[in-house]
Amino acid sequence: MNIWITYSIVSLALVSLLMTTYKVPAAKQINKYTLSAWQYFFASILAGILLYPSISFDQRTLLLGFIWGTGYAILVLSQMHVLHKQDTSSVFPFTSLASNIFVIIGGVLLLNEVITLVQWVAVSLSVLLFIAQYWNSKIHFVVEILPLFMFISILSTFNKFVQKNAADNVNVYNFIFWQLTFAFIASLAIVLYKRKHILLSELTHGNMLKWSFASGILQMGVSYFITKALSLGPISLVYVIIGLYTFFTSLFAALLFKEKITSKSLLFIFLSFLIVLLIKFG
């Protein structure tokens, strides 16, 4: 087995757990801005301890880390926000599928790749699948939630290309530290902007620290193993494996937060993954 496949499988397990924690603010009534800042604080501290020998001030790494970290902090807060309104099983399958489609489009536009007939069919099927899933949704979904879905998918795709660029061109260990550090700085700036008055008791209560510490450890692991996988393997195949997280995250959310998984949701998850396989291997 190629080592990048092993890294991708470990990433899948960690991503499944990490994405489940994005439901914590809605399920546990914890402020998402504060939780996010604490999460990246713990992740960046852990990265600094483990990767200290590789940390340096490289201009290109700093730039890529700043772009990724800022984008990722915004992305996670957007995902936490939409999870206040929708269940996990209805959010991540769509955003993951849309992101994979955007990766294909980005490959055509940026890397001069060619889309095969099978891939065009898969893209068309994904549009039909989305219409079938949300055809009977209320108008507020179309006006409020759908734009957020698209924003999350586009930003996620952009961050994937930034991370792949870094994995191929700079020291991956140095990049992992700086991407998490800039994610912390960005999330801290956001929380200071959004929340003018924060009580110390709110910052240090048990639930906040427990969940942020757990998600911080997971975030460090996800950043490490995905970046390593991308440094050794192709971006499209790496994310085919990681894309399986939609099923496991929905399952974990049901177990931890009592979300309901309907047969329709399971079918959508299964079909969306089949479409991703067609896109990647078509």
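Placed above this text is the structure.
Here the structure is a predicted model, which is why all the values come from computation and not from measurement.

K.L.:
Looking at this model, I keep getting lost on the overall build of the protein. Mind explaining?
P.N.:
A tally of regular secondary structure across the protein gives 13 helices and zero strands. Reading the protein from its N terminus to its C terminus gives the helix and strand order α-α-α-α-α-α-α-α-α-α-α-α-α. By sequence separation, contacts in the protein at least 24 residues apart represent 89% of the contacts at least 6 residues apart. Per element, the accessible surface of the protein, about 13200 Å² overall, is 71% carbon and sulfur.

K.L.:
Looking at this model, I keep getting lost on the packing of aromatic side chains. Mind explaining?
P.N.:
Working definition: an aromatic ring pair is given by the centre-to-centre distance plus the angle between the planes. Under the definition given, this model contains 14 aromatic pairs. Here Trp68 and Tyr72 contribute two aromatic rings whose centre-to-centre distance is 4.4 Å and whose plane-to-plane angle is 15 degrees, an arrangement assigned as stacked. Of this pair, Trp68 and Tyr72 both sit in helix α4 (residues 59-82), separated by four residues, roughly a single helical turn. Taken individually, Trp68 and Tyr72 each receive the classification buried, so the pair is uniform in this respect.

K.L.:
Teacher, can you tell me more about the packing of α4 against helix α8 (residues 172-194) here?
P.N.:
Helix-helix packing: each pair is described by the crossing angle between the helix axes and the interaxial distance. As a packed pair, α4 and α8 sit with axes 7 Å apart at the nearest point and diverge in direction by 50 degrees. With respect to their mutual orientation, α4 and α8 come out oblique. The element α4 and its partner α8 pack so that their crossing is right-handed. Touching Thr61, Leu62, Leu64, Gly65, Phe66, Trp68, Gly69, Thr70, Ala73, Ile74 and Leu77 of α4 are Asn174, Phe175, Trp178, Gln179, Phe182, Ala183, Ala186, Ser187 and Ile190, all from α8. Broken down by class, the residue content of the contact of α4 with α8 amounts to 13 nonpolar, seven polar and no charged.

K.L.:
What is the right way to look at the side chain of Ser215 in this model?
P.N.:
On the secondary structure map, Ser215 appears in helix α10 (residues 206-232). Only 2.9 Å separates the side chain of Ser215 from the backbone oxygen of Trp211, close enough to count as a polar contact. When neighbours within four sequence positions are excluded, Ser215 is seen to be in contact with Leu18, Thr21 and Gln39.

K.L.:
Which parts of the structure should I look at to understand the pattern of salt bridges?
P.N.:
A side chain of one charge can pair with a side chain of the opposite charge if their charged atoms are brought near each other. As enumerated under the stated definition, the model contains one salt bridge in all. Close ionic contact of Asp168 with Lys164 constitutes a salt bridge, the shortest N to O distance being 3.3 Å. In this pair, Asp168 and Lys164 both sit in helix α7 (residues 139-169), four residues apart, roughly one turn of the helix.

K.L.:
Would you take a moment to explain helix α11 (residues 235-242) for this structure?
P.N.:
Each α-helix turn comprises 3.6 residues. Residues three or four places apart therefore point the same way. Within α11, six of the eight residues are buried, which leaves it mostly tucked inside the rest of the structure. Here α11 has its buried residues at Ile235, Val238, Tyr239, Val240, Ile241 and Ile242.

K.L.:
Please clarify how a nonpolar patch on the surface should be interpreted in this entry.
P.N.:
A contiguous nonpolar surface patch, about 580 Å² in accessible area, is contributed by Leu244, Phe247, Phe248, Leu251, Leu255, Leu256 and Leu266. Element by element, the count of residues in the nonpolar patch is highest for helix α12 (residues 245-257), at five residues. Relative to the elements of secondary structure, Leu256 occurs in helix α12.

K.L.:
In this structure, what is going on with the side chain of Asn174? I would like to understand it.
P.N.:
Position of Asn174 relative to the elements: it lies in helix α8. In this structure, Asn174 is in contact with Ser54, Ile55, Ser56, Asp58 and Thr61, ignoring residues within four places of it in sequence.

K.L.:
I'm lost on the environment of Tyr52 in this one. Help?
P.N.:
Within the secondary structure layout, Tyr52 lies in the loop between α3 (32-50) and α4. On the basis of relative accessible area, Tyr52 is assigned to the exposed category, the value being 62%. Along the backbone, Tyr52 and Phe177 are 125 residues apart, and their C-alpha atoms lie at a distance of 8.6 Å.

K.L.:
Explanation requested: the nonpolar core in the structure shown.
P.N.:
The nonpolar side chains of soluble globular proteins are, as a tendency, buried together. Val15, Tyr22, Leu35, Tyr72, Ile226, Leu230 and Ile242 are the most contacted members of the largest nonpolar core, which totals 47 residues. For this core, the secondary structure elements donating two or more residues are α1 (3-21), α3, α4, α7, α8, α10, α11 and α12. It is α4 that contributes the most residues to this core, eight residues altogether. Sequence-distant contacts of Leu35, defined by excluding residues within four places in its chain, comprise Val24, Pro25, Ile30, Met80, Met208, Trp211 and Ser212. If you look at the next biggest cluster of nonpolar residues, it comprises nine residues, including Ala43, Leu51, Ile176 and Met220.

K.L.:
Teacher, can you tell me more about the environment of Asn159 here?
P.N.:
Note that Asn159 resides in helix α7. When near neighbours in sequence (up to four residues on either side) are disregarded, Asn159 contacts Ile67, Trp68, Gly71 and Tyr72.

K.L.:
Teacher, can you tell me more about α12 here?
P.N.:
The end-to-end C-alpha separation of α12 is 17 Å, in line with the 18 Å expected for 13 residues at 1.5 Å each. If you check which residues of α12 are buried, you get Tyr245, Thr246, Thr249, Ser250, Ala253, Ala254 and Phe257. Taken end-on, α12 shows its buried residues confined to a sector of 165 degrees, consistent with a single buried face. Where α12 ends, the next residue or the one after it, Lys258, has phi of about 60 degrees, a positive value.

Scoring rules and cut-offs
- Residues numbered from 1 in each chain as written.
- Predicted model: local features only at pLDDT ≥ 70, side-chain atom pairs only at ≥ 80, totals over all residues.
- Heavy atoms only, no water.
- Helix = DSSP H or I, 4+ residues; strand = E, 2+ residues; numbered from the N terminus.
- Contact = heavy atoms within 4.5 Å.
- Areas by Shrake-Rupley, 256 points an atom, 1.4 Å probe, with all protein chains shown as cover.
- Phe/Tyr/Trp six-rings, centres within 6.5 Å; stacked < 30°, edge-to-face > 60°.
- Buried < 20%, exposed > 50% of the residue type's maximum accessible area, 1.4 Å probe, protein only.
- Axes fitted to C-alpha atoms, helices over the stretch in contact; angles between N-to-C directions.
- Parallel < 35°, antiparallel > 145°, perpendicular 65-115°, else oblique.
- Left-handed = near helix turned anticlockwise from the far one by under 90°.
- Nonpolar A, V, L, I, M, F, W, Y, C, P; charged D, E, K, R; others polar.
- Polar contact = N/O pair within 3.5 Å; in protein donor to acceptor, adjacent residues only side chain to side chain.
- Salt bridge = Lys/Arg side-chain N within 4 Å of Asp/Glu carboxyl O.
- Patch = residues over 30% accessible without salt bridge, like charges linked within 9 Å, V, L, I, M, F, W, Y side chains within 5 Å.
- Core = buried A, V, L, I, M, F, W, Y, C linked by side-chain atoms within 4.5 Å.
- Expected span 1.5 Å × (residues − 1).
- Arc of directions from axis to C-beta.

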